[in-house]
Structures are given as C-alpha cells and as structure tokens.
Amino acid sequence: MGSLPASKDGASLSDFVGLLRLRKSLVFLIIAIVVLTTLGVTALLPKWYLATAKISVQKPESEVKLFQSQSSAYYDPYFIQDQFKIIQAEKILYPVIENLGLNDVLGKQLNDGVALPSSTTYRYLINKMLRVEAPRASSIIEINVYARDQKLAADIANDIARVYSEDRITLATSDQREGLAQLRKELEKQEQTLVAQRDHVEKLRQELNVAGVDLSQRYTDMDVETLRQMQNSLIALRVDAIGRKTRWERFKNIPVEGRRNLVNSELIQDTNIQNLLQAYLLSDQNVTRLKARLGEAHPDLIAAVDNVAKIQQQLDNQLLGYENSLEMAYKESDARVAELERQLGQAKVDQILSARDRMRPFEEATTKLDDEQRLLTTLKLTLRQREIDFQVPKKTIEILNTAEPARFASKPNWPLNILFACVFGVILGVGAAVLLEYLDTSFRNVADVESKLNLPVLGVIPQMREPGAIHDPSSPEGEPYRVLQTNLNLALRAGQSSALVMLSSGPGEGKSTTMRQLALSMASAGERVLLIDSDVRRPTQHKLANVPKDPGLTDVVLNKIAWTEAVRRDPSDLMDFLPSGGSTSVTLSLLYANKLRELVGEFKQRYDKVLFDSPPIIGVSDASVLTSISDGVVLLIQHRRNPESMVQRARQIIESLKVPVIGVVLNQVPSGTGEDYGYYTNNYSYYSHDKEPSSPKPVSGKPGVERMDLSEKPKRKT
C-alpha cells in the first residue's frame, strides 16, 4: 500500500511515493498554507529600495623616505577588508548623517517624528541600511544602501562615496606633507650650520693669517688623510642619525590605532608584525561573520571577540616594541656620532701637536665647511624632488558611478520568498505526512491485519465515489461484495443455516452499507436471506431500503407483534428485511437475550442466512448480546480509521463471548494505495463482466410496508 511498512524498519522508494499519494491532500494543504502565509507577510512587509555606488580604491604610496626610492603599490586583499571597516567607521558616516540630516529623516520614519541621536542613527545605518561588498580579487568596492525612499538611498550611497573619497585623498597626501615639513626643518637647520661654519673658517683665516691659501688643496700627509676619512664617516653617521630620528619621532606621534595601517603599506618591514596583522584581520572577519548569524551572547561569538582582543593586544605590543627599536636605533646612531666626534676631536688634538699644527685647524674647518655644503645640497635636491612628486595628483580612489534612485523595490524579494515558501512548504508537508504515518497505529495492509489479529481477511471493499450508495449486486461495483460472500460461505459449514453478526470497533465505519450489500449479494446468489437492523439506538437499514422502521425488532421483543408480521419483503425483491422498530427506549440487553435466541432459532428454520446489523462492539452492550446469540462474527475494519489497540480490544471482547470470529472485512480502501490493497481494488472491475450487464434490478423502492405470507419457507433461487 502507499504507506510505510507495518514494521517501519525498511521503507522503499515506492512506499514513500505511495505515502505521498495517500497524504497528498495534507501535503498540498500545508504547502498552500505556507505559500499563502508567505504571500500575506511579504505583502505587509515594508518596501526597501537599493542604491549602489561603486568606487575603485588603490593603496596609498608609502611614507616619504629621505634617501630611498618609493615602493610601488600592489593588490592587497587585507587592505580591501580594512576599507570595508573604514567606510563603516564613525569618521565617514557621522559627516554623512550630518550632511543629509538623517537624524530627522529617520526620526520621522521610526520615532514618531522625534529626531534620533546620532549614535542611534549610526547603528541603524550600519545594521539595516548599509552593505559594503567587493567582487573577489578586485579593488572595486560596492556601497549598497537600502532605504524605504528611493532618493534617500541614492543620496546616502553617493554621500558615503564622496566623504570616503575625500578622506582617502587626505590620507594619501598626509604622509608626504609630514615628510616635506620635516625636510624643510632639516634644511633650515643645515643652512644655519653652514653659515656658522663659514664664519668659523673666516675667523681661523684671520687668526692664522692664511689669506691666499688654496682652500681646495689636499695634503698627502697620512695623518691628514686619516682625519679626512674620520670626518667623512662622521658626516655619514650624522645623516643616518637624522633619518633615524625622523622616523622615530614620526612613528611616536602616530596614534596606536593608526599604526596598523603602516604595516599594510609596507612602512614596517617586520615579518612577525605583518603575520600578526593578518591573523588579526582574519579573526576580525570571523567576528563580523558570526555577528550576522549569532546573538551577542553566543559562546562562539564571545570566544571570537576575545580572540580578536588578544591578537590586537599582541599587535599593539609588537608595534610598541617596534617604536622602542626605532628609538634605540636612533640613540645608538647618535652615540656613534658622539663617539666619532670624540675620537675626531682627539685626533685633531694630536694633529695640532704635529708639525703642521698651525694649518690643521683651518684645514679641518674648511673640510667641515665642504661637508656641510654637500649635505645642504643633498637636502635641497631631495626636497625639490619630493615637492615635484607631491604636486603630481594622487588618484588613490576613483568614484566609478553615481547611485541613481531605484525604480523597483529590492526588498521584500517576491520570487525568492515564494521559492523559499514552496521549498519549506514541501519539506513541512512531507515531514507532516511522514510524522502522521509514523504515529498512525492503524492497520497498514492485509498481511498486517492477518498477522496481528490472527484472523483471515474475507474481503477488501474499495472506497466508493458515493459513500453510502447501494449498488446492484450484479454490477461491477458489487464485485467486492460477491468476493466477500464467496469467502464467507467457504468459511461456513455448507448446507447449514447461519446467524451472523457484523461488528465494528467504532461507529461510522460503513458497517450498515457493507452488510446490506453483502445481504443483496447472498440473495442474488440464490440464498434465503433475512437482514435484521439490530442497531436499535441508531438504525440505518430502513433509510438504505427507503422503508419505515416500524414495526420492527423492538416491537417483536416487546411482544407487541409477531415476527411474521414485522418481517417484510425488501424493496429489492431479493431478500426479507426486519427493521429496528419504533420503540426508541428499548435496548437489546440481557433481559431480551432468551427472546432473541428463540427468534434466531425460528429464523434459521426459514432462512439460509440471518444477518444482524449490530452497533459497535466497544461502548454499546447491545453488540455483546447479539454476538452471544449468533453463530459467528464478521469484524469490519475501516481503512485507517481506528488505531490498532481499539481493534484489538474489540477482538478481545468478541473472544470473551466464546463466539468464533469468521474473518475480517477491510472497508473503504482507497484505490492505488499499494500492492496489497491494489491487487483487490484494481482487478474487481477487470474480472467483473465480459460485457455490459443488463438493466439492473432496482435496489430500493417506494416507501411502504409489504406484508409477507410466511406460512411457507421462501424458495431458493436457482
């Protein structure tokens, strides 16, 4: 059948498909509910419009180095990630909030016209409106802004791009400005030093009376050459000390949070610091991703935030150590200058004591003057080169497009929502069907019934298009009842009259309709049949036969009328029928058990089959009394109506009455529910007739009471 096996241990694909066919109404209903709910919610959601501004960002040039060439920029993915954070930083968004008056605009939308604080507007802008993205391996950044107003979204995107562009241009030129300013300071100091050295040379010239001496003359004396080399070394050390001091002072004045950018721009050539910065950026990206999916109290997010803080602390400590190393390098260089000056001074003292003591001070002064002049020339050339470079435009950022107001809303996304609704509806519907199937404890197939009840299945009655309709016994629709009649006769002793009761565990299982169809099939086969409506509480057979219900069984047991007067010919003219009777206050309790036995004995003398349409066995005492006076019981089970425990309880009650259960009838089995049931339901019509049957006899007649002469037995049909 189209359900999971009774054992629920191994369901095949065909079983699953059968289950879906059986529960298709439930699945479609759940899908429809989910889709309609999604459509309703989507229709009620506010519309958000998307505006996108695209910008191309390049890394800024490295810092101005006094005596080194500038390094060229290259693509750095970590740099792009940094720009995402800069675009969403307060220094960019707060000016945008002020320029566009977003506190008032969003206050009208969210706070009943009351202006929002800038901090609240900033958080709302970050969490709800702004999304910064970049294509893979690209320096193009997309600034996506969602807003309920098309123009507002475009204005915010364009203003963010403009403010960010100005900030990047300022940042790109700030290092060069600082370098140029420092160069100018050093140039002014060198000019003052050069003037002082010239005055000193002139003073020595006058004191030593060396007028007319060629200042460019170089002596070949070994001591003089040694002093000259020491003087050249001192100049080189001074230049190096100036560079180291400049780098240390500039790095010391940079805030702690701004020093991280120097690593990406290759201003800090330290592998450990660069690796630590990459670890910090990866951890920070992980925190950003977890924030989008988890709550702030989630352990994974808390652990990720702590990890970022630890790495950041380590990075700041490394940068602080780098500052200390710069200071130490500067102080070492300054110490070397001082030591070389001391040694040079000592050498000069020694030189003065030599034979050329008189000329050496003047020569040293002129040599130092030359050195200072060369240093001044070098500074001027470097400053001029940097001034020219600074005048060249620095395009570290380019705005590629201007955001335009959107024509259609971007959120809610109707196609995506409907797709998700359909997928979720299918999953929920199939899951509900499987869950109901798993929780369903009713009997699943014929083998399940026979194995659990230890009873044979006498017939399988398919589900009819018109529930409760009575069909001609010879029609194709009557084939299941003919099969039931044949199996029932084979189970009974041949040639003996039998009083049979058809029971069900609960009401509404189609017992009365099945009993009448079975009686018509037996009568059509030539048996003498008496159908008794013994469900006196809720009689049904008189409605199916379209005759009055009195006089009937209750009148007979109350001795108001003889049974021969109460029994009438069924409108089908195939069998006899005894209605329930008009007394509604009478129940077939043990008080009338002996009377019923006498009646059954008399009925069996005149009829081959005496069929009792009984009330349900559970909860109604009449069924137990009727069962006790019968020769056998046929248990009717409606497909997937009652749980197994209820049917088992009905079987136990019947067995306690010491009356044999002849077999089971499965009723209202849907067509195409699997192999077991399908074998019966799909082949009834195929084997029913080779040709169209003749016009059927009517199975119901006009209302009325047809009295019968019961002085003789009804004859068998041949």
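Residues numbered from 1 in each chain as written. Predicted model: local features only at pLDDT ≥ 70, side-chain atom pairs only at ≥ 80, totals over all residues. Heavy atoms only, no water.

Points about the overall build of the chain
Reasoning step 1: On a plain count of helices and strands, the chain comes out with 24 helices and 12 strands.
Reasoning step 2: For the chain, the residues scored as buried account for 47% of the 718 residues in total.
Reasoning step 3: Total accessible area computed for the chain in this model is approximately 37,200 Å², and 53% of it derives from carbon and sulfur atoms. (Helix = DSSP H or I, 4+ residues; strand = E, 2+ residues; numbered from the N terminus. Buried < 20%, exposed > 50% of the residue type's maximum accessible area, 1.4 Å probe, protein only. Areas by Shrake-Rupley, 256 points an atom, 1.4 Å probe, with all protein chains shown as cover.)

A few points about the nonpolar core
One broad rule of soluble globular proteins: the nonpolar side chains tend to lie buried together.
Reasoning step 1: Ranked by internal contacts, the top residues of the largest apolar core, which has 47 residues, are Leu596, Phe603 and Leu666.
Reasoning step 2: The leading source of residues in this core is helix H20 (residues 593-606), at five residues.
Reasoning step 3: When near neighbours in sequence (up to four residues on either side) are disregarded, Leu596 contacts Leu553, Val557, Leu588, Val625, Leu626 and Ile629.
Reasoning step 4: In terms of nonpolar packing, the next biggest core, distinct from the first, is built from 40 residues, Leu102, Leu125, Met129 and Ala147 among them. (Core = buried A, V, L, I, M, F, W, Y, C linked by side-chain atoms within 4.5 Å. Contact = heavy atoms within 4.5 Å.)

Here's the deal with the sheet that holds strand S3 (residues 140-147)
Reasoning step 1: Strand order in the open sheet made by the four strands is S2-S3-S1-S4, with antiparallel pairing throughout. In the strand order of this sheet, the two ends are held by strand S2 (130-133) and strand S4 (397-399), each with one partner. Taking the axes of each pair of neighbouring strands and ignoring which way they run, one obtains an average angle of 25 degrees across the sheet.
Reasoning step 2: Where strand S1 (residues 49-57) and S4 come together, three bridges link them in antiparallel fashion. Pairing of Val57 across the sheet is with Ile397, part of S4.
Reasoning step 3: Contacting S1, S2 and S3, helix H3 (residues 77-87) crosses the sheet at an angle of about 30 degrees to S3.
Reasoning step 4: Sheet strands touched by helix H6 (residues 118-129): S2 and S3. Its angle to S2, the strand with the most contacts, is close to 60 degrees. (Pairing = 2+ DSSP bridges. Axes fitted to C-alpha atoms, helices over the stretch in contact; angles between N-to-C directions.)

Some details on the pattern of salt bridges
Side chains that differ in sign of charge can pair as their charged atoms come close.
Reasoning step 1: Taken as a whole and judged by the stated rule, the model has 20 salt bridges.
Reasoning step 2: Between Arg374 and Asp371 there is a salt bridge whose closest N-O contact spans 2.1 Å. In this pair, Arg374 and Asp371 both sit in helix H12 (residues 360-391), three residues apart, roughly one turn of the helix.
Reasoning step 3: Classification of Asp371 as buried rests on a relative accessible area of 3%.
Reasoning step 4: One salt bridge in this structure joins Arg528 and Asp608, with 2.9 Å as the shortest N-O distance. Placement of the pair is Arg528 in the loop between helix H16 (511-524) and strand S7 (529-533) and Asp608 in the loop between H20 and strand S10 (609-613), with a sequence separation of 80 residues. Taken individually, Arg528 and Asp608 each receive the classification buried, so the pair is uniform in this respect. (Salt bridge = Lys/Arg side-chain N within 4 Å of Asp/Glu carboxyl O.)

Let's talk about the sheet that holds S7
Reasoning step 1: Read across the open sheet, the eight strands follow the order S5-S12-S11-S6-S10-S7-S9-S8; overall the sheet is mixed. The open sheet has two edge strands, strand S5 (457-462) and strand S8 (568-569), and neither has a second partner.
Reasoning step 2: Examined bridge by bridge, S5 and strand S12 (residues 661-669) share four bridges and lie parallel to one another. Within S12, the residue paired with Val460 across the bridge is Leu666.
Reasoning step 3: Strands in contact with helix H21 (residues 621-628) are strand S6 (498-504), S10 and strand S11 (632-638); relative to S6, the strand with the most contacts, it is inclined by about 155 degrees.

Re the environment of Glu98
Reasoning step 1: Note that Glu98 resides in helix H4 (residues 90-100).
Reasoning step 2: Between the C-alpha atom of Glu98 and that of Ser118, which follows or precedes it by 20 residues, the distance is 8.5 Å.

What about the pairing of S10?
Reasoning step 1: With five of five residues buried, S10 lies mostly within the body of the structure.
Reasoning step 2: Where burial is concerned, the two faces of S10 agree: the one with Lys609, Leu611 and Asp613 and the one with Val610 and Phe612 are both buried.
Reasoning step 3: With five bridges connecting them, S7 and S10 associate as parallel partners. Opposite Leu530, over in S10, you have Val610 as the bridge partner.

Some details on a nonpolar patch on the surface
Reasoning step 1: Taken together, Leu416, Leu419, Phe420, Val423 and Ile427 make up a surface patch of nonpolar side chains, about 480 Å² in accessible area.
Reasoning step 2: As for its position among the elements, Leu416 is in helix H13 (residues 414-439).
Reasoning step 3: Overall, the relative accessible area of 37% leaves Leu416 in the partly exposed class. (Patch = residues over 30% accessible without salt bridge, like charges linked within 9 Å, V, L, I, M, F, W, Y side chains within 5 Å.)

Concerning the packing of H3 against helix H10 (residues 271-293)
Each packed pair of helices is defined by two parameters, the angle between the axes and the distance between the axes.
Reasoning step 1: Viewed as axis vectors pointing N to C, H3 and H10 meet at an angle of 50 degrees, and their least axial separation amounts to 11 Å. One finds that H3 runs oblique with respect to H10. In terms of crossing hand, the pair formed by H3 and H10 is left-handed. Facing H3, whose interface residues are Tyr78, Gln81, Asp82 and Lys85, H10 presents Gln278, Leu281, Leu282, Asp284 and Gln285.
Reasoning step 2: Looking at the contact of H3 with H10, its residues break down into three nonpolar, three polar and three charged. (Parallel < 35°, antiparallel > 145°, perpendicular 65-115°, else oblique. Left-handed = near helix turned anticlockwise from the far one by under 90°. Nonpolar A, V, L, I, M, F, W, Y, C, P; charged D, E, K, R; others polar.)

Distances and angles like these do not, on their own, reveal function.
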